[in-house]
2 protein chains.
Amino acid sequence: MLLLNKIDDVRKNIKDWKEEKYTIGLVPTMGALHKGHASLIKKAKETCDKVIVSIFVNPIQFGPNEDYDKYPRTIEKDSELCRELGVDIIFAPAPEEMYGENKKLSNNEFTFIYPAYNYVDCMCGKSRPGHFDGVATVVMKLFNITKADYAFFGQKDAQQLFILKQVVKDLNLDINIISCPIVRETDGLALSSRNTYLSETERKNAITISKALFKIKELYETGIKDTNIMFDTAISILNKDIDLEYLEFRNFETFEKVNELKKNTLIAIAAKSGKTRLIDNIIL
Amino acid sequence: MLLLNKIDDVRKNIKDWKEEKYTIGLVPTMGALHKGHASLIKKAKETCDKVIVSIFVNPIQFGPNEDYDKYPRTIEKDSELCRELGVDIIFAPAPEEMYGENKKLSNNEFTFIYPAYNYVDCMCGKSRPGHFDGVATVVMKLFNITKADYAFFGQKDAQQLFILKQVVKDLNLDINIISCPIVRETDGLALSSRNTYLSETERKNAITISKALFKIKELYETGIKDTNIMFDTAISILNKDIDLEYLEFRNFETFEKVNELKKNTLIAIAAKSGKTRLIDNIIL
């Protein structure tokens, strides 16, 4: 396994791989890898001849009051996991390698990808303005650097997944976006690098987020479809110290809000437990 | 030569070419081809194994009061020229093929590339808001569809050329942008598909645009460097019916305005002759 920091070094390897007609899989991450990431990497290994994991805490997808500085960075532990899983290259660039020496990078100095605003100006995008522009921009860069045939994303970031699929379609990128299921702790909590921020009590309260989602699914399977009923049920299950940001029901093919649940409905929650913002979802 | 309208048909050919390790050159145009375009195509033929000319009047780079509808469309004449020059594929999609069925396409419904605003919010970008976003977006799509190794652009659109180079750099695109010199009529008028809009008088007046530029170059070669002197000289040469939009002096490596001319200074004019907006420039 190679641990590379420079774009040109990645390109050299890619060139050789393309020469050999290997298929290339990319798993873009911000590091602090957990079992969710491991499941993406395993899927990439099954699907592709060569696998690149990028580890990059992308400054332009964090808002000014978000956790860019304190976001967990655990490159040694991450490398160990990647090696065990048979990753071929870890690409872990410094911010300067990706964005040059600009200290406060904005769209005055740098090219940005702006996904369709209709999909950005809702759910997580409402509370995190600019977030998905930053995600789309770095992902585009990673796609171009790695020339991957497949890229693997977790369903946990459902809005991100939807948006990136649209970007690929709109810009005619020749890459397959593969969605992988959410990995959970045994008590239901969706894995997230941000779970490490949670105190014991906050973690306990956070479990009610997935509990609410599972209850909605259970009701749906008994034939209930009305989202108002689902909403009220969820509220009754969420711990009172959980600060709900949104609970939304959307068609995962069009991203339109729905009033009735059916197959392919996304049920998504964002909420704070203590100061930690968590997201979770299920797709029927 | 193939004339293709569908993205998938282009992709099929590209796949075969890549298999054979041919280098691919792209000449993006809006059709109404003239000798300027021909020079780009010839350069592409010299440089690459296979040459694709795209002919697409790109709606999203035109403002609401611009000439999208009346822009000249001469596909049969264009095809003839391309055939003579040994072009391998003309890609001439309908707007729906590029942007789907959206009638009024905006960044609410579609992913856009926004080049760095510092380079967009000046010169032609000032009077044509959104223009370079539309250009960057369609060019990105064409790059992704054709997987070209080289793309050829005329120096006449100097700001476009500068911006596209930045987009390629910022987004790590693996493509070489090749700039080709301005082609002129014998009287100096820079070739443009929009020259067909000019009446005899308007055309005569328009010649003073290139005359002004040549005079600046002449003065520079005698040792004069002050842009104020150059500006006044140009004004004295421009016909009084020419409506000057801008005359700017910029470092073509940084795009910063300069007060003194030196090597690599861009001297750029936009002006209207009658209702027709024309641009021209020289780079020292």
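Cut-off values and rules
- Residues numbered from 1 in each chain as written.
- Chains lettered and ligands numbered in written order.
- Predicted model: local features only at pLDDT ≥ 70, side-chain atom pairs only at ≥ 80, totals over all residues.
- Helix = DSSP H or I, 4+ residues; strand = E, 2+ residues; numbered from the N terminus.
- Rg over C-alpha atoms; globule rule 2.2 N^0.38 Å.
- Buried ≥ 20, exposed ≤ 12 C-beta atoms within 10 Å, placed from the backbone.
- Contact = placed C-beta atoms within 7 Å.
- Pairing = 2+ DSSP bridges.
- Axes fitted to C-alpha atoms, helices over the stretch in contact; angles between N-to-C directions.
- Nonpolar A, V, L, I, M, F, W, Y, C, P; charged D, E, K, R; others polar.
- Least-squares fit on C-alpha atoms with pLDDT ≥ 70 in both.
- Right-handed = clockwise from strand over helix to strand, strands pointing away.
- pLDDT = per-residue confidence, 0-100.

Asks: Sorry if this is basic, but what is going on with the overall build of chain A here?
Replies: Summing up its helical and strand segments, chain A has 10 helices and 10 strands in all. Computed over C-alpha atoms, the radius of gyration of chain A comes to 19 Å, within 12% of the 19 Å expected from 2.2 N^0.38 for 284 residues, which places it in the range of a compact globule. The principal-axis extents of the C-alpha atoms in chain A amount to approximately 55 × 40 × 35 Å. Taken across its 284 residues, chain A has 42% of its residues classed as buried. Across chain A, the fraction of contacts at a sequence separation of at least 24, relative to all contacts at a separation of at least 6, is 70%.

Asks: Looking at this model, I keep getting lost on the sheet that holds strand β8 (residues 242–251) of chain A. Mind explaining?
Replies: Within a beta sheet, neighbouring strands are joined by backbone hydrogen bonds and run either parallel or antiparallel to one another. Residues and elements named next belong to chain A. The three strands lie next to each other as β8-β9-β10, forming an open sheet whose pairing is antiparallel. Every other strand in the sheet has two partners, leaving β8 and β10 (276–283) as the edge strands with one partner each. Across the sheet, the axes of successive neighbouring strands diverge by a mean angle of 15 degrees, strand direction being ignored. Pairing between β8 and strand β9 (residues 265–273): nine bridges, direction antiparallel. Bridging across to β9, Asn251 finds its partner in Thr265.

Asks: Is there a simple way to think about the interface of chain B and chain A in this case?
Replies: In many reports, interface size means the accessible area that the parts give up when they come together. Taken residue by residue, the interface counts 24 residues in chain B and 24 residues in chain A. Looking at side-chain class alone, the side of chain B that touches chain A contains 13 nonpolar, seven polar and four charged residues.

Asks: What is the right way to read the relation of the copies chain B and chain A from this model?
Replies: One chain copy maps onto the other through a rotation about an axis and a shift parallel to that axis. Relative to chain A, chain B is turned by 180 degrees and slid 0.0 Å along the rotation axis, the superposed coordinates differing by an RMSD of 0.0 Å. Expressed as a symmetry operation, the mapping of one chain copy onto the other fits a two-fold axis. The C-alpha atom lying nearest the rotation axis in chain B is that of B:Ile113; the distance is 2.4 Å. Same-surface contact between copies: 100% of interface residues of chain B are shared with the interface of chain A.

Asks: Would you explain the pairing of strand β6 (residues 150–154) of chain B in this entry?
Replies: Residue and element names in this part refer to chain B. Of all five residues in β6, four are buried; the element is thus mostly enclosed. The pairing of β6 with strand β7 (residues 176–180) spans five bridges and is parallel. Considered in β7, the bridge of Phe153 is made with Ser179. A crossover links β6 with its parallel partner β7, the connecting element being helix α8 (residues 158–170), and its sense is right-handed.

Asks: How do you make sense of the confidence of the model for chain A when you look at a structure like this?
Replies: For chain A, per-residue confidence averages 96 on the pLDDT scale, and residues scoring 70 or more make up 100% of the total. Of the two predicted TM-score estimates for the complex, the pTM is 0.95 and the ipTM is 0.95.

Asks: What's the story with the pairing of strand β9 (residues 265–273) of chain B in this structure? I'm lost.
Replies: Successive side chains on a regular strand alternate, one facing one side of the sheet and the next facing the other. Taking burial as the measure, the nine residues of β9(B) include eight buried ones, the bulk of the element. Where β9(B) folds back on strand β10 (residues 276–283) of chain B, the antiparallel hairpin that results is connected by two residues, among which B:Gly274 adopts a positive phi of roughly 65 degrees.

Asks: Looking at this structure, how should I read unusual backbone geometry?
Replies: Comment: phi is negative for the bulk of residues other than glycine, and the bulk of peptide bonds are trans. Residue and element names in this part refer to chain A. Of note in this structure, Lys21 is not a glycine but carries a positive phi near 60 degrees. Of note, Lys21 is situated in the loop between α1 (7–19) and β2 (24–29). If you check the backbone angles, Asn172 has positive phi at about 55 degrees while not being a glycine. Position of Asn172 relative to the elements: it lies in the loop between α8 (158–170) and β7 (176–180). Assessed through the 17 C-beta atoms surrounding it within 10 Å, Asn172 is described here as partly exposed.

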